[in-house]
Amino acid sequence: MNPNAVVDVFVERLQASGADLNSIERAPWLDEIESRLGLRFPAFFRALVSRYAFPVLDLGKVELFANLGDGSQYDLTVAPFRDPVMSPWLAEHRLLHIGFPCIGNYDPICFDLTNAGSPEPPIIKLEHEAILLARRTVGRAAIAPNFLALLAEATGV
């Protein structure tokens, strides 16, 4: 399954519903983000963010960080690194922060990369208060089994 071709189908559906996604030739900030996090984006998410620019993208359960490379607070180049307590904790636990349930809600939405054998990891929501208070147990809630499932749900496929 070609990630680019699959993502293009979902992008067409999102654009038809009014989402602002624009094709780009390249996303030079992507490798830097992965290097800073020490984590690599899953293939289908990478196919989206390396080939399309968009402001904060509402996918129903999740608002993905913007991918404009403009350095704004909710852009993928800034948002995963913004919180000095939560950001390192997420990276240390192999949780790749990609958005929030809605802007204004601080619970991080992340790819759960703890299972290195899974090429398309699940997407989860974590309780931010537990992370910030350094609790031993941090509540997790399943959002989607993977990025394709999230896109399918958001586009009604």
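Preceding block: the structure.
My aim in this report is to walk through the structure given alongside it, one point at a time. What you see is a predicted model, and the numbers here were worked out from it, not measured in a lab. (Residues numbered from 1 in each chain as written. Predicted model: local features only at pLDDT ≥ 70, side-chain atom pairs only at ≥ 80, totals over all residues. Heavy atoms only, no water.)

1. Describing the packing of aromatic side chains
Phase 1 of the analysis: All told, the structure shown has 7 aromatic pairs when counted by the stated rule.
Phase 2 of the analysis: Plain terms: the ring middles of Phe45 and Phe147 are 5.2 Å apart, the flat faces sit at 80 degrees to each other, and that makes the pair edge-to-face. Taken as a pair, Phe45 in helix α3 (residues 43-49) and Phe147 in helix α6 (residues 147-155) lie far apart in primary sequence, 102 residues in all.
Phase 3 of the analysis: In this structure Phe45 comes out as buried when scored by relative accessible area, which is 2%.
Phase 4 of the analysis: What makes Phe147 buried here is its relative accessible area of 0%.
Phase 5 of the analysis: Above the plane of the ring of Phe81 lies Arg36, whose end atom (NZ or CZ) is 3.7 Å from the centre.
Phase 6 of the analysis: The ring centre of Tyr74 lies 5.2 Å from the NZ or CZ of Arg82, which sits over that ring. (Phe/Tyr/Trp six-rings, centres within 6.5 Å; stacked < 30°, edge-to-face > 60°. Helix = DSSP H or I, 4+ residues; strand = E, 2+ residues; numbered from the N terminus. Buried < 20%, exposed > 50% of the residue type's maximum accessible area, 1.4 Å probe, protein only. Lys NZ or Arg CZ within 6 Å of the ring centre and 35° of its normal.)

2. Focus on the sheet that holds strand β4 (residues 63-64)
Phase 1 of the analysis: With antiparallel pairing, 6 strands are arranged side by side in an open sheet as β3-β4-β5-β6-β7-β8. Both edges of this open sheet fall to β3 (57-58) and β8 (140-144), since each of them pairs with a single strand only.
Phase 2 of the analysis: As defined by bridge partners, β3 adjoins β4 across 2 bridges and the pair is classed as antiparallel. Across the sheet, Asp58 pairs through a bridge with Glu63, a residue of β4.
Phase 3 of the analysis: Sheet strands touched by α6: β4, β6 (109-112), β7 (123-126) and β8. Its angle to β8, the strand with the most contacts, is close to 65 degrees. (Pairing = 2+ DSSP bridges. Contact = heavy atoms within 4.5 Å. Axes fitted to C-alpha atoms, helices over the stretch in contact; angles between N-to-C directions.)

3. Let's talk about the environment of Trp89
Phase 1 of the analysis: With respect to the secondary-structure elements, Trp89 resides in helix α4 (residues 86-92).
Phase 2 of the analysis: Remark: the alpha-carbon pair of Trp89 and Asn115, spanning 26 residues in sequence, is separated by 17 Å.

4. Re the packing of helix α1 (residues 3-16) against α6
Phase 1 of the analysis: Two numbers describe how α1 lies on α6: the axes approach to 10 Å, and their chain directions differ by 25 degrees. For the element pair α1 / α6, the angle class is roughly parallel. Note on packing geometry: the crossing formed by α1 with α6 is left-handed. Counted together, Val6, Phe10, Arg13 and Leu14 of α1 and Leu148, Leu151, Ala152 and Thr155 of α6 form the full contact between these two elements.
Phase 2 of the analysis: When grouped by side-chain class, the residues that make up the contact of α1 with α6 number 6 nonpolar, 1 polar and 1 charged. (Parallel < 35°, antiparallel > 145°, perpendicular 65-115°, else oblique. Left-handed = near helix turned anticlockwise from the far one by under 90°. Nonpolar A, V, L, I, M, F, W, Y, C, P; charged D, E, K, R; others polar.)

5. Comments concerning the pairing of strand β5 (residues 95-100)
Phase 1 of the analysis: A large share of β5 lies buried, amounting to 6 of its 6 residues.
Phase 2 of the analysis: Pairing geometry for β4 and β5, over 2 bridges, is antiparallel. If you follow Leu64 over to β5, its bridge partner there is Gly99.

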